[in-house]
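Here is what each chain is made of, one letter per residue.
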Amino acid sequence: TPHVLGMSDSTFLKFLSVVIFIAVFLPLMFGGKIYNTMKALMTMRPPARIIAPMDFGPYGLALTRHSFYAAPYHRNNKGNRLMFDVLLGNASSGRTAAIRSGATHVLVCQGSTGFGANSLARHLEAGAAPGWLARVPLNAKGARLYRVVR
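These figures come from a predicted structure and were not determined experimentally. (Residues numbered from 1 in each chain as written. Predicted model: local features only at pLDDT ≥ 70, side-chain atom pairs only at ≥ 80, totals over all residues. Heavy atoms only, no water.)

Before going further, it helps to examine the sheet that holds strand 5 (residues 143–148). A sheet is described by the order of its strands in space; here five strands give the open sequence 2-1-3-5-4, paired in mixed fashion. If you trace the sheet from one side to the other, it starts and ends with strand 2 (67–68) and strand 4 (133–136), each paired once. Bridging between strand 1 (residues 49–51) and strand 3 (residues 105–109) involves two bridges; their strand directions are parallel. Within the sheet, the bridge partner assigned to Ile 50 lies in strand 3 and is His 105. (Pairing = 2+ DSSP bridges. Helix = DSSP H or I, 4+ residues; strand = E, 2+ residues; numbered from the N terminus.)

This is the structure:
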């Protein structure tokens, strides 16, 4: 029997799934900041364990072979906390947390974070990395990737 917009429940669910798919992936297909970064990360080997702002997590997990600690999932408290500890903190506390976690890389994207002026994230966005992070060339405008030096 027709329910929503004159469609059966199953037809409506199929229609809704297509709308959601287009709404999520359309911005990526036109070269958004996250898409360009993920595209550049796809060729990076070996697989990395990346600390990055939360909005990169779902796309990184879906589109690359890399692991991302932070993502907007309510049960991901440990990974999200690690991201905040590293990116919001100073270079010294960030190093301790990153090394303890086993992270291999830290990723930031200019203008995508709401972190404070003295945070590690802001310094990295400006290209001012502490000695425990080595810049990795990444062909993605505005993105900066750093390898954790142990």
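Let us look at the side chain of Asn 80. Looking at the element boundaries, Asn 80 is found in helix 4 (residues 77–88). Discounting chain neighbours no more than four positions away, the residues touching Asn 80 are Met 54, Tyr 69, Ala 70, Ala 71 and Tyr 73. (Contact = heavy atoms within 4.5 Å.)

A regular strand carries its side chains on alternate faces of the sheet. Pairing of strand 4 with strand 5, which is carried by four bridges, proceeds in the antiparallel orientation. Within strand 5, the residue paired with Val 136 across the bridge is Leu 145.

This part is about the pairing of strand 3. Burial analysis of strand 3 places five of its five residues in the buried class, the great majority of the element. Of the two faces of strand 3, the one carrying His 105, Leu 107 and Cys 109 and the one carrying Val 106 and Val 108 are both buried. As defined by bridge partners, strand 3 adjoins strand 5 across five bridges and the pair is classed as antiparallel. Residue pairing across strands places Cys 109 opposite Ala 143, the latter belonging to strand 5. (Buried < 20%, exposed > 50% of the residue type's maximum accessible area, 1.4 Å probe, protein only.)

Moving on to the nonpolar core. Counting 20 residues, the largest nonpolar core has Ile 51, Val 86, Leu 87, Val 106, Leu 124 and Leu 133 as the members making the most contacts within it. Contributing elements (two or more residues each) for this core: helix 4, helix 5 (91–101), strand 3, helix 6 (120–125) and strand 5. With four residues, the top contributor of residues to this core is helix 4. Setting aside chain neighbours within four positions, we find Val 86 in contact with Ile 51, Gly 94, Ala 97, Ala 98 and Leu 120. Ranked by size, the runner-up nonpolar core spans 17 residues in total, among them Ile 34, Ala 52, Ala 140 and Ala 143. (Core = buried A, V, L, I, M, F, W, Y, C linked by side-chain atoms within 4.5 Å.)

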